[in-house]
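Residues per chain are reported as follows:
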Amino acid sequence: MKNILFLFFLFSSVTKLPGQSTETDSLIKLLEKAPGDTNRVKLILNIANRLYFYKPVLSLEYSEKALQLARDLKYNRGIVSSLNLAGESYRLTGNYPKALQYQLQALEISRELRNEEIESNSLGFIGAIYMELNEYRQALQYFLSAIKIKNRLPASPPSVFILANTGISYDFLNIPDSALHYLRLAARQNIDVRHPQLNSLIPRSVGNVYMHKGNIDSALHFYFVALQNSRSTKESINMAANQQKIAEVYEKLNLYDSSLYYALNAFNEAQRTFQKSKLLESSNLLVKLYRGIHKYDSAFYYEDLATSIKDSLYGIPKFKQLQLLMLSEQKHQQEIEQEQERYKNKTRMIALWSAVGVFLIIAFILFRNNWQKQKTNKVLENTLSNLRSTQAQLIQSEKMASLGELTAGIAHEIQNPLNFVNNFSEVNDELLKELATEADKGNLDEVKAIAKDITFNSEKINHHGKRADAIVKGMLQHSRTSSGQKEPTDLNALADEYLRLAYHGLRAKDKSFNATTKTDFDSKIGKINIMPQDMGRVILNLINNAFYAVDEKKKKIGDGYEPTVTVTTIRQNGSVEIRVKDNGNGISQKVLDKIFQPFFTTKPTGQGTGLGLSLSYDIVKAHGGELKVETKEGEGTEFIIHLPM
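Residues numbered from 1 in each chain as written. Predicted model: local features only at pLDDT ≥ 70, side-chain atom pairs only at ≥ 80, totals over all residues. Heavy atoms only, no water.

Student: Would you mind going over the environment of Lys553 with me for this structure?
Tutor: Relative to the elements of secondary structure, Lys553 occurs in helix H21 (residues 532-557). Taking the C-alpha atoms as reference, Lys553 lies 9.8 Å from Gly586; in sequence the two are 33 residues apart. Residues contacting Lys553, with those up to four places away along its chain left out, are Gly558, Tyr561, Asn583, Gly584, Asn585 and Gly634. (Helix = DSSP H or I, 4+ residues; strand = E, 2+ residues; numbered from the N terminus. Contact = heavy atoms within 4.5 Å.)

Here it is, written out as C-alpha cells:
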C-alpha cells in the first residue's frame, strides 16, 4: 500500500504544456525563409517532433522531408534523428515493417558515430516495436541493453520511456514484481523530467499490473489518475488508451452504461490521433457492449470496422515474419563483423610473434600460411553457399508475401456475408428458444409468427452463404482461367442493378455520402452472351471507384460541387460499350501507368487491396473485350468496357 501511495503522489502533480499549435505554426512560417543547410534539417525535425503527439501523420511527412535533406547534405546526425522520429511515427500509425527498417538503420549509423545517447534511443525504439508485436522477450533484450547505456547518461524523456516500457514488457510476461520495480524507477526519474506523456503512461501501466493481479480497485484508481493527468496537460496521445482501460474495467464490473461512455470516447480519441491499434481495441469492446445490450446494428458496424482495421494492421502474416527476419539478419551481420574483428586481431598477434621467431620457425610459418589459406577458402566457400541459400529464401519470401496479400483480400471480401450468416444464426437460436416457450403456453398465433421469422432468417442465411460462395469463386478466377459458362444477359438491367447496389452500400456505411446518379441505356442492346457474375463485379468495381473519387473531391471542395456518376451503354458496329464516368479529381499520368497492376492502390491503408482494377482487366480480357480509361486531372475520369457482340 505504501508503494501505491508513493506512485499516486508522483502522478498527481503535473505541469501544463504551452500552446503547441501556435508554436508549431510559428516554426512552419520560419521554415519558409530558412536556407537549405543543417539548420533547416533541425527546424523541420523540431516541427515534426511537436506534431508527433497529436498529428502523427503530418509529423511523418516532415520527418521524411528532414531525412531527404539530411541525406542530400550527408548530415549523419540529422539522418539518424530523422530515422528515429519517422520510425516512431510509422509505429504509431501501424506500419511496423517500415518502423523497424528505419530504427535498424538508425541503430547502425549511431554505432558508426559512436554516439551512446542516439544508440540507446534507437535500441529503445526497436524494443517498443517488438513490444507492440507481442514479442516481449525480444523487446526486453533491447530495453535492457538501452538501460545499461542510459545508466551512464543523465536522465531524459527517452530513458524514462525505456524504463516504463521495460516494466510493461515484464507485466505482459506475468512477472509483476519486476514490472512494478521498473515502473517505480521510471516514476522517480520522471520527477525531474516531467514529461506529460509519461505522466499518463506510467500510472496506466501500474494500473495494468494491478488489473492482472486481480486488484480491480487499485487498477481503476491508477487509470483515473492517468486520465486526469492527460486532461490537465491537454495531452492527447494517451487519452484513448486511458479511457479504453477504464471502459474495460467497467465492462468487467457489468456497468455497461459507464463502459459504453468511456469506450466511445476512446474510439473517438484514437480516430482523432490516427492510432489504429487503439481503434481496433475500442471497436472490439464496442462490439461486445452493443451485443450485450442487444443493439445489433451498432455491433455489426463496429465489427466490420474492427475487421477492416485488423486487416490493415495484421492482414498479411508475412509482414511480421519479415520484421523478425530483418532483425535476425541485422544481428547475424553484427556477429559476422565481430567474428571478423576477432579474426583480424588473432592474425595480427600471430604475425607479431612470427616476426620475433622468424629465423627459428620459418618452416612452421610457411606451413601455417598454407593452412590459413585453405581455411580462408573454406570460409569463402561456406559464405558463398550461405549467400545462395539466402537468395533463394528471399525469392520464396517474396512469393509468399504476394500470396499473403491475395489471401488477405479474399478474407476481407467474404467477411461481410459470413458476419450476416453468424448473426442471423444467433437470432434464430434466440427465436427457437422463444418458439419453445410460446408453444408450451399454447399460443399458436405467436408460434406461427416466430416460425415465419425463423423461415425469413433461414432464407437470409442461405442467401448470404451463397453470396460468400460466389465471392470465393470469383476471386479464384483471378489466378486461373475461368471455366464459367456464358449466358444471354440483359446488360442494361445488370448495370442498373449494380449502380443501385453500389450507391446504397456506400450510403449504409456512410450516412453523409451522397451523389447524383445518371443512366443512359441503349435499348437496342438486348441480351448478349457474357458471364453475368464476373461482368457484374467489373461494373460494381468501376462504379465504387467513381463514387469514391467524387466523394473525395466533395470533402475537399465542399459546397458548390455536385458529385455525379453516369453509367452509359451503347451498341455500335457489332460491339457494346459500357461507360462509367465521374466528375472527380481525375488521375495523374504517374498513377495512370500503374492502375491495372495487381496490389496497386491510391486509397488509404485498409480501404483497398489494389486488386479491383487488375481483376476487372482480366475479366474483360477473358470476354474478348478491352478495358480503357480516359481522364483529365481536375475534371474527372471515364472507364470504358468494350465487348464484342
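Student: What am I meant to see in the pattern of salt bridges here?
Tutor: It is possible for side chains of opposite charge to pair when their charged atoms get near one another. Here the structure, examined in full by the defined rule, presents 15 salt bridges. For Arg91, the salt bridge goes to Glu132, with nearest N and O atoms at 2.3 Å. With Arg91 in helix H5 (residues 76-92) and Glu132 in helix H7 (residues 116-132), this pair connects stretches of sequence that are 41 residues apart. Overlapping salt bridges bring together Glu88, Arg91 and Glu132 as one network. (Salt bridge = Lys/Arg side-chain N within 4 Å of Asp/Glu carboxyl O.)

Student: How should the sheet that holds strand E2 (residues 516-520) be read in this particular structure?
Tutor: For sheets, the rule is that strands pair by backbone hydrogen bonds, running either parallel or antiparallel. Within the open sheet, the 5 strands sit side by side as E2-E4-E5-E7-E6. Their pairing is mixed. The strands lining the two open edges of the sheet, one partner per strand, are E2 and strand E6 (626-632). Geometrically, the sheet is characterised by an average inter-axis angle of 15° between neighbouring strands, direction not taken into account. One ladder, built from 7 bridges, connects E6 with strand E7 (residues 636-644); its direction is antiparallel. Bridging across to E7, Glu630 finds its partner in Glu638. In the packing of helix H20 (residues 491-509) onto the sheet, the strands contacted are E2, strand E4 (564-572) and strand E5 (575-582), and the crossing angle to E2 comes to about 175°. (Pairing = 2+ DSSP bridges. Axes fitted to C-alpha atoms, helices over the stretch in contact; angles between N-to-C directions.)

Student: What is the right way to read the packing of aromatic side chains from this model?
Tutor: Scanning the model with the defined rule gives 16 aromatic pairs in all. Plain terms: the ring middles of Tyr136 and Phe172 are 4.7 Å apart, the flat faces sit at 5° to each other, and that makes the pair stacked. On the criterion of sequence distance, the pair formed by Tyr136 in helix H8 (residues 136-150) and Phe172 in helix H9 (residues 157-172) is long-range, its members being 36 residues apart. The exposure class of Tyr136 is buried, given its relative accessible area of 12%. Note on Tyr210 and Phe222: the rings are 5.9 Å apart at their centroids and 5° apart in plane angle, and the pair reads as stacked. Separated by 12 residues along the polypeptide, Tyr210 in helix H11 (residues 196-212) and Phe222 in helix H12 (residues 216-232) bring together distant segments of the chain. Note on Tyr210: relative accessible area 7%, which makes it buried. (Phe/Tyr/Trp six-rings, centres within 6.5 Å; stacked < 30°, edge-to-face > 60°. Buried < 20%, exposed > 50% of the residue type's maximum accessible area, 1.4 Å probe, protein only.)

Student: Could you clarify how one ought to interpret the packing of helix H10 (residues 176-193) against H11 in this entry?
Tutor: Two numbers describe how H10 lies on H11: the axes approach to 10 Å, and their chain directions differ by 160°. Between H10 and H11, the angle is such that the two are roughly antiparallel. In this structure, H10 crosses over H11, and the sense of that crossing is left-handed. Along the contact surface, H10 presents Pro176, Ala179, Leu180, Leu183, Ala186, Ala187, Asn190 and Val193, while H11 presents Leu198, Asn199, Ile202, Ser205, Val206, Val209 and Tyr210. Here the residues of the contact of H10 with H11 sort into 12 nonpolar, 3 polar and no charged. (Parallel < 35°, antiparallel > 145°, perpendicular 65-115°, else oblique. Left-handed = near helix turned anticlockwise from the far one by under 90°. Nonpolar A, V, L, I, M, F, W, Y, C, P; charged D, E, K, R; others polar.)

Student: Explain unusual backbone geometry here, please?
Tutor: Note: most residues except glycine have negative phi, and most peptide bonds are trans. Not every positive phi belongs to a glycine, and Arg114 is a case in point at roughly 55°. Mapped onto the fold, Arg114 is located in the loop between helix H6 (96-113) and H7. According to the relative accessible area criterion, Arg114 is exposed, its value standing at 76%.

Student: It is not clear to me how the confidence of the model for the protein chain should be interpreted in this structure. Could you clarify?
Tutor: For any part of a model where pLDDT is low, the fine detail of the predicted coordinates should not be relied upon. Chain-level pLDDT for the protein chain is 80 on average; 85% of the residues reach the 70-or-more range. When the elements of the protein chain are averaged for pLDDT, helix H1 (residues 2-12) gives the smallest value, 34, and E5 the largest, 94. Throughout residues 477-483 the model reports pLDDT below 50, and contacts reaching past four residues in sequence, or to other chains, amount to 8 contacts. (pLDDT = per-residue confidence, 0-100.)

Student: Explain a nonpolar patch on the surface to me, please; I cannot follow it from the model alone.
Tutor: Side chains of Leu360, Ile361, Phe364, Phe367 and Trp371 sit close together on the surface and give an oily, nonpolar patch of about 580 Å² of accessible area. Summarising the element assignment, Phe364 is placed in helix H18 (residues 362-441). Residue Phe364 is classed as partly exposed on the basis of its relative accessible area, which comes to 44%. (Patch = residues over 30% accessible without salt bridge, like charges linked within 9 Å, V, L, I, M, F, W, Y side chains within 5 Å. Areas by Shrake-Rupley, 256 points an atom, 1.4 Å probe, with all protein chains shown as cover.)

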